[in-house]
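What follows is each chain in one-letter form.
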Amino acid sequence: MRWAARPKDVHRWTDSAFNAYDHSMSRPFPLFAALACLCFVFSDAALAQSTDREAKAAEEAVRSFHEALQLGDEAAVKRLLAPDAVILESGSLETRDEYLRHHLKADIEFNRSVPTEVSAVTATVSGLTAWVRSTSVSQGTFRDRPIKVAGAELMVLTRGAAGWEIRAIHWSSHNVK
């Protein structure tokens, strides 16, 4: 077997190609790190946009609940409350059914009678769960009594096929002088 003769510049070509390859191999980590950072930044931005959309949708579900109370739309209130929802208020806990039977009509009457200024609405989303918290001031007359109360509300929601559903409501309030 005879070795084929190679032209003189083959070594020059292979050496320079090897050196160029070897040289470029000394930089793949910084390049990889830069690409990884870009991917992380863009995926993080996409996740933040998705989370923002979900937070706004959860806030909208809470707004819809309050609008249903204002309009006296009991069917909408029922749709927005999960079957296992609980309502906590004034140290008491009510199931969804207890709330619908014993408390809903009074909440509708109160919402229609006393104007409420809602502020500081904030939603946080983690996976299929969201919690929406807000503060408010209600001032007016209810059943011939002057009302001026500051309130805080926390609603916990879960997202299902039909959208956000209220699982828990916690209301607290105190008189304002």
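Residues numbered from 1 in each chain as written. Predicted model: local features only at pLDDT ≥ 70, side-chain atom pairs only at ≥ 80, totals over all residues. Heavy atoms only, no water.

Here the focus is the pairing of strand S4 (residues 129-142). In regular strands, side chains alternate between the two faces of the sheet. Pairing of strand S3 (residues 116-126) with S4, which is carried by nine bridges, proceeds in the antiparallel orientation. Residue pairing for S4: Val118 is matched across the bridge by Ser136. Hairpin connection, S3 to S4: the antiparallel pair is bridged by two residues, and Gly127 has positive phi, about 65 degrees. Between S4 and the antiparallel strand that follows it, strand S5 (residues 145-160), lie two residues; Arg143 among them carries a positive phi value of about 50 degrees. (Pairing = 2+ DSSP bridges. Helix = DSSP H or I, 4+ residues; strand = E, 2+ residues; numbered from the N terminus.)

Ranked by internal contacts, the top residues of the largest apolar core, which has 27 residues, are Phe65, Val77, Leu81, Tyr99, Leu157, Ile166 and Ile169. Take this core: its biggest share by element is seven residues, from helix H2 (residues 28-71). Excluding residues within four positions of it along the chain, Val77 makes contact with Phe65, Ala68, Leu69, Tyr99, Leu100 and Leu104. (Core = buried A, V, L, I, M, F, W, Y, C linked by side-chain atoms within 4.5 Å. Buried < 20%, exposed > 50% of the residue type's maximum accessible area, 1.4 Å probe, protein only. Contact = heavy atoms within 4.5 Å.)

Take the side chain of Asn111 next. Structurally, Asn111 is set in helix H5 (residues 104-113). Taking relative accessible area as the criterion, Asn111 reaches 17% and is therefore assigned buried. With sequence-adjacent residues up to four places away left out, Asn111 is seen in contact with Leu69 and Gln70.

Take the pairing of strand S6 (residues 163-175) next. Note: strand S1 (residues 81-89) against S6, five bridges, orientation parallel. Paired with Glu89 across the two strands is Trp171, which belongs to S6. Note that S5 and S6 share twelve bridges and pair antiparallel. Residue Ala152 lies in a different strand from S6, and its bridge partner there is Ser172. The hairpin turn running from S5 into S6, its antiparallel successor, is two residues long.

We now examine H5. Along an α-helix, residues three or four positions apart point the same way, because every turn accommodates 3.6 residues. Of the residues making up H5, those classed as buried are Leu104, Asp107, Ile108 and Asn111. Projected down its long axis, H5 shows its buried positions confined to an angular sector of 100 degrees, all on one face. (Arc of directions from axis to C-beta.)

With 72% of its residues at a pLDDT of at least 70, the protein chain reaches an overall mean of 83. Per-element confidence in the protein chain ranges from a low mean pLDDT of 47 for helix H1 (residues 9-25) to a high of 98 for helix H3 (residues 74-80). Considering only residues more than four positions removed or in separate chains, one finds that residues 1-7, a stretch of pLDDT under 50, has one contact. (pLDDT = per-residue confidence, 0-100.)

Judged by pairing direction, the sheet is mixed, and its six strands sit side by side in the order S2-S1-S6-S5-S4-S3 without closing on themselves. Across the chains shown, the open sheet's two edge strands, defined by having one partner strand only, are strand S2 (92-95) and S3. Each neighbouring strand pair of the sheet contributes to a mean axis angle of 15 degrees, computed without reference to strand direction. Running over the sheet, H5 touches S4, S5 and S6 and is turned about 65 degrees from S4. (Axes fitted to C-alpha atoms, helices over the stretch in contact; angles between N-to-C directions.)

Right, let's talk about the packing of aromatic side chains for a bit. Scanning all chains against the criterion turns up three aromatic pairs. Between Phe65 and Trp171, the ring centres sit 6.5 Å apart and the planes meet at 35 degrees, which makes this aromatic pair tilted. Here the residue Phe65 occupies a position in helix H2, and Trp171 occupies one in strand S6, the gap between them amounting to 106 residues. Residue Phe65 shares its accessibility class with Trp171, and that shared class is buried. Judged by centre distance (6.2 Å) and plane angle (50 degrees), the ring pair of Tyr99 and Trp171 falls under tilted. Separated by 72 residues along the polypeptide, Tyr99 in helix H4 (residues 96-102) and Trp171 in strand S6 bring together distant segments of the chain. Both residues of the pair, Tyr99 and Trp171, count as buried. Taken together, the ring pairs connect Phe65, Tyr99 and Trp171 into an aromatic cluster. (Phe/Tyr/Trp six-rings, centres within 6.5 Å; stacked < 30°, edge-to-face > 60°.)

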